[in-house]
Amino acid sequence: MQQSHARSSPAALRNRGVIAEVLARVLPPTGRVLEIASGTGEHAVYLAGAFPGVSWQPTDVAPEALASIAARVASEGPGNLLPPLRLDVAAWPWPVTAAEAIVCINMIHIAPWAACEALMAGAARVLPSGAPLYLYGAIKRGGRHTAPSNAAFDADLRARDPAWGVRDEAEVTAAAAAHGLALAELVPMPSNNFSLVFRRS
């Protein structure tokens, strides 16, 4: 895979360091980390390098994303970063049926609500008891946006696809609870984003 297939996201370059700070206390020291919706692959490369004790498995559903991830794995990936797999959260079985942690960055608002529900259902099947599901992105709290920029972002998402949109913390937490995943941490992040850490019961 040639480097020309690799895409880049300015947001990924901005937020990867602060995400790693949260993951440093969330991820297990060893085992498999399943990253869902890996996008450009920039997070996968960076985070696999930051946590060399784990085996990092990137995935995505979009062909162009898989091509970008594969290009980055080939050209700059550390040894613990695996080749990408196609994973559609709504299609079971997933290509990975067991992992010690799941990381999902900026997906649930750029997908139909059913994708969030499918993510929770799949995580409950894949994760052992006590293992983390880490989500990152913009959320609403108490039914309200946490900043005017998030309201504008939500409007832009819904204009692109009415099924997309910034999700509410309570709804995400309820979807997780329906599958035995409890919210353990909610961490405010830069640029009006949040980290949500769920643990499987």
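Residues numbered from 1 in each chain as written. Predicted model: local features only at pLDDT ≥ 70, side-chain atom pairs only at ≥ 80, totals over all residues. Heavy atoms only, no water.

Draft legend 1. Examining the overall build of the chain more closely. Each helix and strand counted, the chain has 6 helices and 10 strands in total. Taking 17 Å as the expected radius of gyration for a compact globule of 201 residues, we find that the chain reaches 16 Å, a close match to that expectation. A principal-axis box enclosing the C-alpha atoms of the chain has dimensions of 45 × 35 × 30 Å. A total of 201 residues make up the chain; the buried ones form 49% of that total. By sequence separation, contacts in the chain at least 24 residues apart represent 74% of the contacts at least 6 residues apart. For the chain, the computed accessible surface area is about 8,700 Å², with 55% contributed by carbon and sulfur atoms. Averaging the positions of the 16 positive and the 16 negative side-chain charges in the chain gives two centres separated by 2 Å. (Helix = DSSP H or I, 4+ residues; strand = E, 2+ residues; numbered from the N terminus. Rg over C-alpha atoms; globule rule 2.2 N^0.38 Å. Buried < 20%, exposed > 50% of the residue type's maximum accessible area, 1.4 Å probe, protein only. Contact = heavy atoms within 4.5 Å. Areas by Shrake-Rupley, 256 points an atom, 1.4 Å probe, with all protein chains shown as cover. Lys, Arg positive; Asp, Glu negative; His and termini not counted. Charge placed at Lys NZ, Arg CZ, Asp CG, Glu CD.)

Draft legend 2. A look at the nonpolar core. Formed by 31 residues in total, the largest nonpolar core has its most connected members in Ile36, Met120, Leu133 and Leu135. Looking at this core, the elements with two or more residues in it are strand E1 (31-36), strand E4 (101-105), helix H4 (113-126), strand E5 (132-137), helix H6 (169-177) and strand E10 (193-200). Tallying contributions element by element places H4 first for this core, with 7 residues. Setting aside residues up to four positions removed in sequence, Leu133 forms contacts with Ile102, Leu119, Met120, Ala123, Leu127, Leu181, Leu196, Val197 and Phe198. One finds Val26, Val33, Phe51 and Val103 within the second-largest nonpolar core, a separate group that totals 25 residues. (Core = buried A, V, L, I, M, F, W, Y, C linked by side-chain atoms within 4.5 Å.)

Draft legend 3. Summary view of the sheet that holds E5. If you walk across this open sheet you meet the 7 strands as E3-E2-E1-E4-E5-E10-E9, and the pairing is mixed. Only two strands of the sheet have a single neighbouring strand rather than two, namely strand E3 (85-86) and strand E9 (181-189). Across 6 bridges, the pairing between E5 and E10 is antiparallel. From the neighbouring strand, Pro132 faces E10, where its bridge partner is Arg199. In the packing of H4 onto the sheet, contacts are made with E1, E4, E5, E9 and E10, and the angle to E5 comes to roughly 150°. The sheet strands contacting H6 are E5, E9 and E10, and the helix crosses E9 at an angle near 150°. (Pairing = 2+ DSSP bridges. Axes fitted to C-alpha atoms, helices over the stretch in contact; angles between N-to-C directions.)

Draft legend 4. Inspection of the pairing of E1 at higher detail. The pairing of E1 with strand E2 (residues 54-60) spans 5 bridges and is classified as parallel. The partner of Gly31 across the bridge, within E2, is Val54. Note that the unit made of E1, helix H2 (residues 42-50) and E2 has a crossover that is right-handed. (Right-handed = clockwise from strand over helix to strand, strands pointing away.)

Draft legend 5. Highlighting the packing of aromatic side chains. On inspection of all chains with the given rule, the structure shows 1 aromatic pair. For the ring pair Trp92 and Trp94, a centre distance of 5.6 Å and an interplane angle of 55° mean the geometry is tilted. Assessed through its relative accessible area of 37%, Trp92 is described here as partly exposed. Take Trp94: its relative accessible area is 2%, and that puts it in the buried class. The residue whose ring lies beneath Arg125 is Trp92, and the NZ or CZ to ring-centre distance is 4.6 Å. (Phe/Tyr/Trp six-rings, centres within 6.5 Å; stacked < 30°, edge-to-face > 60°. Lys NZ or Arg CZ within 6 Å of the ring centre and 35° of its normal.)

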